[in-house]
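# Close look at the chain arrangement
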Amino acid sequence: MPTIDSSLISRAFGETADAGLVVAYESHQEALRFLSAAIVQTNGVGLLLGPAGSGKTTIIREQLDWASRDGAVAMLDGEKLTPTRMIDGMVTQFGVQADSRNDQFRLQQVSNFLSRQTRSGKPPLLIIDNGDRATPSALRQLNWLAALDENGRYSLRIILTGRGRFTKLLQHKGMRNLARRHPATYSLNPMTKRETTIYLRTRLIAAGCERARKVFPIDVCDRLHEVSRGWPGLLNDRATKVMERLQELREATPKPRLVISCDGRTVAEHELSEQQ
């Protein structure tokens, strides 16, 4: 049974896993192509849908790295997002000069910034992860921002992520301006069994394990695919539990020992390791 320690588990699938390590699978790559295409269209709005743990945050972070090379970008977490937090995020990340703490003043400064950037041919990009969890007032403010234009060109490109029901929320009459821009939509698909195997082994190897095939043989990978349904977040959680269980079994199993005796008397004892 391969040696597994808690730090390896954490580095591979837990809190200390390398955020920069992206094991891209087909739907992940399609989502990136979709977002890149959506934000350069005239309407400039992309909606990425998927259940919790489907990899939406990982994908838009990767998109953020690319988009930031071409202009101003702000990325916000939509969890309980309020209008004030939305303004704070745009002011800070867009680099808008707004000394006042008055929200209306700062929102006007953001609007002026968007207009200047659009006139220069680089309309800023606002990314809101978990947009379906934003407060109604924040969504109304987003709807207001979605209507801003400069000489017939929208002043703000927008990427939103959320669960499937988000599309119904955006069809509400309070989101009319955003709906008029006809957001392009992409729904993520889970990994296949083969992609799951590659994902598990790649993350384990990147964490420093040289025996990934022994930790995750094909039958284990297939079972993990089944219980996680191929979604990365659930897969990380299930893989962590499997590795923790393997370690528990290893610690509970007595290690083999070589006993050397002479005339019924023990001369020496050696604990055998896997390398031996």
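Keep in mind that what you see is a predicted model, and the values were worked out from it rather than measured.

In terms of regular secondary structure, the chain is built from 12 helices and 9 strands. The buried share of the chain, taken over its 276 residues, is 42%. Counting only contacts in the chain whose residues sit at least 6 apart along the sequence, the fraction spanning at least 24 positions is 70%. Accessible area of the chain: about 15,000 Å², with a carbon and sulfur share of 49%.

Our next topic: the packing of aromatic side chains. Inspection of every chain in the model, using the stated rule, returns 3 aromatic pairs. With 6.0 Å between their ring centres and 80° between their planes, Phe 13 and Phe 216 make a pair best called edge-to-face. One end of the pair, Phe 13, is in helix α1 (residues 6-13); the other, Phe 216, is in the loop between α10 (212-215) and α11 (218-228), and 203 residues separate them in sequence. Exposure class is identical for Phe 13 and Phe 216. Each is buried. Lying across the ring of Trp 66, Arg 69 places its NZ or CZ 4.1 Å from the centre.

Here we take up the pattern of salt bridges. Here the structure, examined in full by the defined rule, presents 8 salt bridges. Close ionic contact of Arg 119 with Glu 150 constitutes a salt bridge, the shortest N to O distance being 3.3 Å. Of this pair, Arg 119 sits in helix α5 (residues 103-119) while Glu 150 is found in strand β4 (residues 149-150), placing the two residues 31 residues apart along the sequence. Take Glu 150: its relative accessible area is 18%, and that puts it in the buried class. Through salt bridges with shared partners, one network takes in Asp 88, Arg 101, Asp 103 and Arg 106.

Thresholds applied
Residues numbered from 1 in each chain as written. Predicted model: local features only at pLDDT ≥ 70, side-chain atom pairs only at ≥ 80, totals over all residues. Heavy atoms only, no water. Helix = DSSP H or I, 4+ residues; strand = E, 2+ residues; numbered from the N terminus. Buried < 20%, exposed > 50% of the residue type's maximum accessible area, 1.4 Å probe, protein only. Contact = heavy atoms within 4.5 Å. Areas by Shrake-Rupley, 256 points an atom, 1.4 Å probe, with all protein chains shown as cover. Phe/Tyr/Trp six-rings, centres within 6.5 Å; stacked < 30°, edge-to-face > 60°. Lys NZ or Arg CZ within 6 Å of the ring centre and 35° of its normal. Salt bridge = Lys/Arg side-chain N within 4 Å of Asp/Glu carboxyl O.

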